[in-house]
Amino acid sequence: RWDFTYDQDWTFYALGGLGGYYLPSILGGHMSIHPRFGMGAQFQTKLPMMFRMELSHEFIGAGVAFNF
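Computed from a predicted structure; not experimentally measured. (Residues numbered from 1 in each chain as written. Predicted model: local features only at pLDDT ≥ 70, side-chain atom pairs only at ≥ 80, totals over all residues. Heavy atoms only, no water.)

**Student:** Teacher, can you tell me more about the sheet that holds strand β5 (residues 60–66) here?
**Tutor:** For sheets, the rule is that strands pair by backbone hydrogen bonds, running either parallel or antiparallel. Read across the open sheet, the five strands follow the order β1-β2-β3-β4-β5; overall the sheet is antiparallel. A single partner strand is all that each edge strand has here, and the edge strands are β1 (2–5) and β5. Going across the sheet, the axis of each strand differs from the next one's by a mean of 20°, ignoring polarity. With 13 bridges joining them, strand β2 (residues 10–22) and strand β3 (residues 31–44) adopt antiparallel strand pairing. (Pairing = 2+ DSSP bridges. Helix = DSSP H or I, 4+ residues; strand = E, 2+ residues; numbered from the N terminus. Axes fitted to C-alpha atoms, helices over the stretch in contact; angles between N-to-C directions.)

**Student:** Help me out: how do you make sense of the pattern of salt bridges in this one?
**Tutor:** It is possible for side chains of opposite charge to pair when their charged atoms get near one another. Tallied over the full model, the rule gives four salt bridges. One salt bridge connects Lys-46 with Asp-9, and the closest N-O pair in it is separated by 3.7 Å. Placement of Lys-46 in the loop between β3 and β4 (49–56) and of Asp-9 in the loop between β1 and β2 is noted, with a sequence separation of 37 residues between them. For Lys-46, a relative accessible area of 70% puts it in the exposed group. (Salt bridge = Lys/Arg side-chain N within 4 Å of Asp/Glu carboxyl O. Buried < 20%, exposed > 50% of the residue type's maximum accessible area, 1.4 Å probe, protein only.)

**Student:** How should the packing of aromatic side chains be read in this particular structure?
**Tutor:** The geometry of an aromatic ring pair is captured by the separation of the ring centres together with the interplanar angle, meaning the angle of the planes. For the coordinates displayed, the defined rule picks out two aromatic pairs. Centroid distance Trp-10 to Phe-12: 5.6 Å. Interplanar angle 5°. Geometry classified as stacked. According to the relative accessible area criterion, Trp-10 is partly exposed, its value standing at 29%. With relative accessibility at 36%, the residue Phe-12 sits in the partly exposed group. A connected cluster of aromatic rings, assembled from ring pairs, spans Trp-10, Phe-12 and Phe-43. Its end group placed over the ring of Tyr-13, Arg-1 keeps NZ or CZ at 4.1 Å from the ring centre. (Phe/Tyr/Trp six-rings, centres within 6.5 Å; stacked < 30°, edge-to-face > 60°. Lys NZ or Arg CZ within 6 Å of the ring centre and 35° of its normal.)

**Student:** Is there a simple way to explain the environment of Ser-32 in this structure?
**Tutor:** The residue Ser-32 is located in strand β3 in this model. Sequence separation between Ser-32 and Tyr-22 is 10 residues; the distance between their C-alpha atoms is 6.6 Å. Look past the residues within four positions of Ser-32 in its chain and what remains in contact with it is Gly-19, Gly-20 and Tyr-21. (Contact = heavy atoms within 4.5 Å.)

On their own, these measurements won't tell you what the molecule is for.
If you want it as structure tokens, here you go:
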């Protein structure tokens with residue numbers, strides 16, 4: 001993950017690398033490796049709350065984080 005800080009409110013990031021899994025033979029004996037890529041953004045509000053959005057080949061999501 002590479003973060004690019006635009007200002008004190010906005011942070012953009014990029015994802016890149018390899019992902020995968022391995023199942024033992026008792027569960028089917030399968031192995032998979034695939035490239036992982038995506039991008040996202042975080043917006044820090046004036047309150048102790050942050051909004052986050054992410055888009056990748058395996059996940060599309062948005063959320064809210066509360067800073068305690």
